[in-house]
Amino acid sequence: MTSKSASGLKNVGVRWVQKVSSAPAFARVAPHVIPALDRAVHRVTRGKVLLSAQLLPGIVLTATGARSGVPRRTPLACMPEEGGRSWLLIGSNFGRTDHPAWTANLLAHPDAVISWKGEDILVTARLLQGEERAAAWRELLRFWPPYATYQARVEREIRVFRISRR
């Protein structure tokens, strides 16, 4: 298989996953299955592999619980920026009505740790608002178009965070 045909095959696969991930049924099932699988694979591979990162770049966020004060580990898709100096995190919650818990954790405790390609990195999170959020949202939609479907499904504005190395 040539690299051109392999690339075309990968593009077809990505488009198929984008279509599936936009379906309401996916939003009901995925939050219960994907994070659990990601955590297990991440643990077994000592932080080197996330299943979901085979399609989208991913991190494992360790943030302090907003109410509990206990560290919470959450596998998340992300959009890397500046060659790995910062990342955008999207609180889409698969297009479900509520904000995901990890977003409340970052609002309460913005200093966190991410596992990125097997490396633990100290980061600080900042909720994007106004034009800065709008510009990031446009980039995110180019990066992963299903985010538009998730936003259309909910009344809340999906939270977007920029996390940067400390």
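Of regular secondary structure, the chain possesses five helices and six strands. Along the chain, helices and strands appear, N-terminal first, in the series α-α-β-β-β-α-β-β-α-α-β. As displayed, the chain has an accessible area near 9400 Å², and 57% of this comes from carbon and sulfur atoms.

Looking now at the packing of helix H4 (residues 130–143) against helix H5 (residues 146–153). The geometry of H4 relative to H5 is characterised by a closest axis approach of 8 Å and an angle of 125 degrees between their N-to-C directions. Considering the angle they form, H4 stands oblique to H5. Taking contact as the criterion, the partners of Arg133, Trp137, Leu140 and Leu141 in H4 are, on H5, Tyr147, Ala148 and Gln151. Broken down by class, the residue content of the contact of H4 with H5 amounts to five nonpolar, one polar and one charged.

If you check the backbone angles, Glu82 has positive phi at about 50 degrees while not being a glycine. As for its placement among the helices and strands, Glu82 is situated in the loop between strand S2 (71–81) and strand S3 (86–91). Residue Glu82 is classed as exposed on the basis of its relative accessible area of 60%. Phi at Lys117 is positive, roughly 55 degrees, even though this residue is not glycine.

Attention now moves to the packing of aromatic side chains. Applying the stated criterion across every chain, the model contains four aromatic pairs. On the basis of an interplanar angle of 70 degrees and a centroid distance of 6.1 Å, the ring pair of Tyr147 and Tyr150 is categorised as edge-to-face. Of this pair, Tyr147 and Tyr150 both sit in helix H5, three residues apart, roughly one helical turn. In this structure Tyr150 comes out as buried when scored by relative accessible area, which is 4%. Taken together through their ring pairs, the aromatic side chains of Trp137, Tyr147 and Tyr150 make up a single cluster.

Within the span of helix H3 (residues 101–108), buried status applies to Trp102, Thr103, Asn105 and Leu106. Down the axis, H3 shows its buried residues gathered within 155 degrees of arc, on one side only. On its buried side, H3 packs onto strand S1 (58–64), S2, S3, strand S4 (111–116), strand S5 (119–127) and strand S6 (159–165).

In this section: the pattern of salt bridges. According to the stated counting rule, one finds eight salt bridges in the structure shown. The salt bridge involving Asp111 is made with Arg166; its shortest N-O contact spans 3.8 Å. Note that Asp111 is positioned in strand S4 and Arg166 in the segment after S6, a separation of 55 residues in sequence. Of the charged contacts in the structure, one is a salt bridge between Arg162 and Glu132, with a shortest N-O distance of 3.0 Å. Taken together, the residues span a long stretch of sequence, with Arg162 in strand S6 and Glu132 in helix H4 at a distance of 30 residues. Each of Glu81, Arg126, Glu132 and Arg162 takes part in a single network of salt bridges with overlapping partners.

So, on to the pairing of S6. Relative to S6, S3 is paired through six bridges, and the arrangement is antiparallel. By the bridge assignment, Ser86 is partnered in S6 with Ser164. As paired elements, S5 and S6 share five bridges and run antiparallel to each other. Within S6, the position partnered with Thr124 by the bridge is Ser164.

Conventions used here
Residues numbered from 1 in each chain as written. Predicted model: local features only at pLDDT ≥ 70, side-chain atom pairs only at ≥ 80, totals over all residues. Heavy atoms only, no water. Helix = DSSP H or I, 4+ residues; strand = E, 2+ residues; numbered from the N terminus. Areas by Shrake-Rupley, 256 points an atom, 1.4 Å probe, with all protein chains shown as cover. Axes fitted to C-alpha atoms, helices over the stretch in contact; angles between N-to-C directions. Parallel < 35°, antiparallel > 145°, perpendicular 65-115°, else oblique. Contact = heavy atoms within 4.5 Å. Nonpolar A, V, L, I, M, F, W, Y, C, P; charged D, E, K, R; others polar. Buried < 20%, exposed > 50% of the residue type's maximum accessible area, 1.4 Å probe, protein only. Phe/Tyr/Trp six-rings, centres within 6.5 Å; stacked < 30°, edge-to-face > 60°. Arc of directions from axis to C-beta. Salt bridge = Lys/Arg side-chain N within 4 Å of Asp/Glu carboxyl O. Pairing = 2+ DSSP bridges.

That's the geometry; what it means functionally is another story.
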